[in-house]
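Each chain, written out:
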Amino acid sequence: MLVLDRVVKTYPKGSRRITALAPIDLTVRAGEFVAVEGPSGSGKTTCLLIAGGLLDPDSGKVLLDGHDLHAMTRNQLAAFRSQNIGFVFQQYHLIPYLSVLENILAPEAARGRANGQARGRELAGQFGLDHRLDHTPAELSCGEKQRTALARALLFRPKILLADEITGNLDHVNAQIVLGYLREYVKTGGSVLLVTHDREIASQADRVEYLPDPRELETPR
Amino acid sequence: MSVWRLVIKEIVRRKTNFVSGLVAVTLAAAVLAGSMTILRLHDLRTQRILARKEQETRQRMAVLEDDYRKIMKNLGFNLLILPGNQKLSDFYADDAVSAYIPDTYATRLAEAKIVTIRHLLPSLQEKVLWPERKRTIILIGTRGEVPSMFRDAREPILVAVKKGHAVVGHELAESLGLRAGDRITLFGRTFTVGQCNEERGSKDDISIWIDLSEAQGILGKPGRINAILALKCHCAGNELANVRRDVASVLPGVQVIEQGSKVLTRAEARDRASKEAAEALAGEVGNRRQLRDELERFSSILAPLALLASALWVGLVFYTNVRERRGEIGILRALGARTRTILRLFLTKALLMGCAGGLAGYVLGTSIGLARQGEIGISFLDPRLFLLTFCTAVVLSLAASWAPAYYAAQQEPAEVLREE
C-alpha cells in the first residue's frame, strides 16, 4: 500500500516560493488503480516523482508497505525502488541503442543481475512485442514504444506502477490497449497510480483524485 | 542484460565518441612508447659505438706498441753498460769510451735472470784515423744481439755484421762515393760494403761497423769490449736504480747510464697516445650523453604534455557523453541503478578505451621508434615498456573519465526526467 501523507513541494523563485504540489493525502491499496487528475502544471508529475522516491518533498511522508521512502539513503532507496516500484513515462525513455528485448531487460543492468531473459520474452509476448524483439526504439510505433516501456516497468513484478501521462502520445486505440494492460496488472494484485490531465482516461481508474490549479495556491513567503 | 553489454552496445552506437577518446589515449601512449623506444635505441647505439671505439683504441695501441719497437731499433740504445773505470765526463765530452771490459760480460748478463734487461748488444768502439783514406772515423765492432735462454725467441732487433763485411755511415759513404758491394781496405784488411746507412745526424754518419772479433783484431783489444748496449729495457726513468742494482749483482764494476731522452720519449709518446685515445673515448661518451640528455629533456616535456592534452580531451569526450546520456542515466536511476552502477557504466567504457589505447599506442609508438633503428636489431616487445605504456594509458583514461562519471552518478533523476 502506498501512502502520501500531507506531502508538499515548493520551488524557490526569487524571494518567493512557487507551490508545485499543494498538500496532498493519497492512498493506493494493493490491487487498486488510482488516477490523479489535474490541469497542466498542477503538480501531477511532481506528485508521481515524490511517490516514487525520485524527488524529496518539502514536508510530509511517503510510505510504501510501511517503508518511509525519504528516510532512506540514496542507494537504499535505489535498491528498494528496483524491487518495488515501476515507472512508465509519457516520453517512454527507452534506451535508443538497445533492442526491444534489451530495453525490457534494462532493469537487470540497473539492479546488477542478469537472469531475466525468460521473463523478458514472456512480457514481450504478453504485450504483443514478440515480433519486435530485435528492433530498436526508432523502428517502433508510439504504441509499441509505450508497451515496451510498460513491459520494462513490470520486469521485476513491482508492488506499484507509477504512470505519468502514458497515453499522452497515443491514439485512442493504443491508449485503450495500454489501459487494458494496466487493468490486467491490477487484477494480478499490483497497484497503479496514473497521473493524467485527460478526464476520460482518468475515469477508467477505480478511483480518481483531483489536484487543484496551483496558481490559486501560490503564497508569498 | 549486464552493464558490460550495455557498455558495448553504447560504444557501438556512439562510435565517434569512443574513437575520439581512443585516438587521444593512443596518441599519448604512442608518444610515451615512442620516446622511450628512441631513448632505448640511443642507449644501445651508444653502447655499441663505445665498444667499437674501445676495440679500435686497443688495436691502435697494439699497432703503436709495435711501431715503437721498430722505432726504438732505429733510435739506438736505451741503456749503456760501461766499464766502471770509464770517466763519464770524458765519455760525454768525447762521445767515446776509453776503458774496457771482457766481452764475456755480455754473455753473463744474457744468462742472468734479469727481467729488466733485454736485447744486449756488446760493442767495441774507438775513434781512429782511417789510414787508407786519411779520415777520422768511429770504428765499431759488434756481434749483434746476445741470445738469452730465459726469454722468448723473438727476432733480434739488430742483425750482426758478417765477417769480411762493413756497414758505412752516411757521411762517409757520401763523401767517399761508397755503395753496397764496393770493397774497401781498412787497416790493411779488405771488407765488402754490405750497407750504407741513411743519414742519422749523429756520429753514426762517420762510423763503420764491422764484426766484433775483426774490430778487436784491428784495435788490438782481443776479448775486450767497451760497452754493452741494452735495447728496449723494461724500465722507465724512475726504475733505473733497480736496473743498476740488478746489473751490479751480475757484473760488479760496471756502470749503467740511461739514454734518457729516448726512453722517456718513448714512454711519453705512449702515455700521450694512450691519453689521447682515452680523451677521444671520453669525448664520444660526453657527446652521446649530451645527445641523450637533450632527447630525455625533450621527452620529459613532450610526454607529460601529450598525457595532459590527452587527459583533457578524454575528460571532454566523457563529459559530452554524460550530457548526451542524461535521459538514459535518469531512467536507469528510476529503474533502481545505484551510484556505483552509473560509475561502472562510464568507468568500464574508460577501461576499454585505456586498454585499447594502450595496446594501439604501444604498437604505434614502438613502430615509429624502431623505424630509425638502423643496424640495431632490438625486440619489438619490451615487456617493461609495454607494461608501463599499457598501465599509463589505462590510468590516464580512468582518471580523466572519473570526474564526468562521478558527475553522471550524482545527477538527480527527477530533474533529468522532467527536462526530457
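Before reading further, recall that the structure is shown in the block above.
Scanning chain A for helices and strands turns up eight helices and nine strands. Split into buried and exposed, the 221 residues of chain A put 56% on the buried side. Looking at chain A alone, contacts between residues at least 24 apart form 72% of all its contacts between residues at least 6 apart. Counting every atom, chain A has about 9,300 Å² of accessible surface; 49% of that belongs to carbon and sulfur.

All names here are of chain B. With mixed pairing, nine strands are arranged side by side in an open sheet as S6-S7-S5-S8-S4-S3-S10-S1-S11. Of all strands in the sheet, those with a lone pairing partner are strand S6 (183-186) and strand S11 (254-258), marking the two edges. Sheet twist, expressed as the mean angle between neighbouring strand axes with direction ignored, is 35°. Pairing between strand S1 (residues 79-83) and strand S10 (residues 227-230): three bridges, direction antiparallel.

Moving on, we come to the interface of chain B and chain A. Taken together, the contact between chain B and chain A spans 30 residues of the former and 29 residues of the latter. Roughly 2,700 Å² is buried in total at the junction of chain B and chain A, and carbon and sulfur atoms are behind 59% of that figure. Across the pair Glu412(B) and Arg74(A) runs a salt bridge whose closest N-O atoms are separated by 3.3 Å. Between the two partners, chain B and chain A, sit 12 residue pairs in polar contact (both at pLDDT 80 or more). Examining the composition of the side of chain B that touches chain A, we find that six residues originate from one element, helix H1 (residues 3-13) of chain B, more than from any other. By residue class, the composition of the side of chain B that touches chain A is 12 nonpolar, six polar and 12 charged.

All names here are of chain A. Counting buried positions along strand S7 (residues 160-164) yields five of five residues, so the element is predominantly enclosed. Here strand S6 (residues 85-89) runs beside S7; their pairing, made up of five bridges, is parallel. Counted as the bridge partner of Ile85 is Ile160 from S7. Note: S7 against strand S8 (residues 191-196), five bridges, orientation parallel.

Take helix H2 (residues 74-84) of chain A next. Among the residues of H2(A), Leu77(A), Ala78(A), Ala79(A), Phe80(A), Arg81(A), Ser82(A) and Asn84(A) are the ones counted as buried. Looking at the buried positions of H2(A), the neighbouring elements they touch are strand S4 (59-64), strand S5 (67-68), S6, helix H4 (106-111) and S7 of chain A together with helix H9 (326-334) of chain B.

So, on to the side chain of Ser401(B). All names here are of chain B. As for its position among the elements, Ser401 is in helix H11 (residues 383-409). In terms of polar contacts, Ser401 uses its side chain to reach the backbone carbonyl oxygen of Ser397, at 2.9 Å. Among the polar contacts made by the side chain of Ser401, one reaches the main-chain carbonyl oxygen of Leu398 at a distance of 3.1 Å. Contact partners of Ser401, with chain neighbours within four places excluded, come to Phe318, Leu347 and Ala350.

In this section: the packing of helix H6 (residues 142-153) of chain A against helix H7 (residues 172-187) of chain A. Residue and element names in this part refer to chain A. Following both chains from N to C, one finds H6 and H7 inclined at 15°, their axes separated by 10 Å at the closest point. Taken together, the axis directions place H6 and H7 in an arrangement best described as roughly parallel. Crossing of H6 against H7: the hand is right-handed. Contacts between H6 and H7 involve Gly143, Gln146, Arg147 and Leu150 from the first element and Asn174, Ile177, Val178, Tyr181 and Leu182 from the second. A class-by-class count of the residues in the contact of H6 with H7 yields five nonpolar, three polar and one charged.

Considering all chains together, one arrives at six aromatic pairs over all chains under this definition. Ring geometry for Phe127(A) versus Tyr181(A): centroids 4.3 Å apart, planes at 45°, classification tilted. A residue pair is termed long-range when its members are at least 10 positions apart, and Phe127(A) in the loop between helix H5 (117-126) and H6 and Tyr181(A) in helix H7 qualify at 54 residues. Under the relative-accessibility criterion, Phe127(A) is labelled buried at 2%. A centroid spacing of 6.3 Å and a plane angle of 25° characterise the contact between Trp402(B) and Tyr406(B), whose relative ring orientation is stacked. Of this pair, Trp402(B) and Tyr406(B) are both found in helix H11, four residues apart, which corresponds to roughly one turn of the helix. The partly exposed category is assigned to Trp402(B), whose relative accessible area is 42%. Taking relative accessible area as the criterion, Tyr406(B) reaches 43% and is therefore assigned partly exposed.

Turning our eyes to something else, we now look at the sheet that holds S4(A). Residues and elements named next belong to chain A. Pairing is antiparallel in the open sheet, where four strands are placed in the order S2-S1-S4-S5. Each having just a single partner strand, strand S2 (16-28) and S5 make up the two edges of the open sheet. Sheet strands touched by helix H1 (residues 44-51): strand S1 (2-13), S2 and S4. Its angle to S1, the strand with the most contacts, is close to 125°.

All names here are of chain B. At a closest axis distance of 9 Å, the pairing of H1 and helix H10 (residues 339-370) adopts a crossing angle of 55°. In terms of axis orientation, H1 runs oblique to H10. When you trace H1 past H10, the crossing you get is right-handed. Here H1 contributes Val3, Trp4, Leu6, Val7, Ile8, Glu10 and Ile11 to the contact with H10, which in turn contributes Thr341, Arg344, Leu345, Thr348, Lys349 and Leu352. Considered class by class, the residues forming the contact of H1 with H10 number eight nonpolar, two polar and three charged.

Calculation notes
- Residues numbered from 1 in each chain as written.
- Chains lettered and ligands numbered in written order.
- Predicted model: local features only at pLDDT ≥ 70, side-chain atom pairs only at ≥ 80, totals over all residues.
- Heavy atoms only, no water.
- Helix = DSSP H or I, 4+ residues; strand = E, 2+ residues; numbered from the N terminus.
- Buried < 20%, exposed > 50% of the residue type's maximum accessible area, 1.4 Å probe, protein only.
- Contact = heavy atoms within 4.5 Å.
- Areas by Shrake-Rupley, 256 points an atom, 1.4 Å probe, with all protein chains shown as cover.
- Pairing = 2+ DSSP bridges.
- Axes fitted to C-alpha atoms, helices over the stretch in contact; angles between N-to-C directions.
- Buried area = accessible area lost by both parts, 1.4 Å probe.
- Salt bridge = Lys/Arg side-chain N within 4 Å of Asp/Glu carboxyl O.
- Polar contact = N/O pair within 3.5 Å; in protein donor to acceptor, adjacent residues only side chain to side chain.
- Nonpolar A, V, L, I, M, F, W, Y, C, P; charged D, E, K, R; others polar.
- Parallel < 35°, antiparallel > 145°, perpendicular 65-115°, else oblique.
- Left-handed = near helix turned anticlockwise from the far one by under 90°.
- Phe/Tyr/Trp six-rings, centres within 6.5 Å; stacked < 30°, edge-to-face > 60°.

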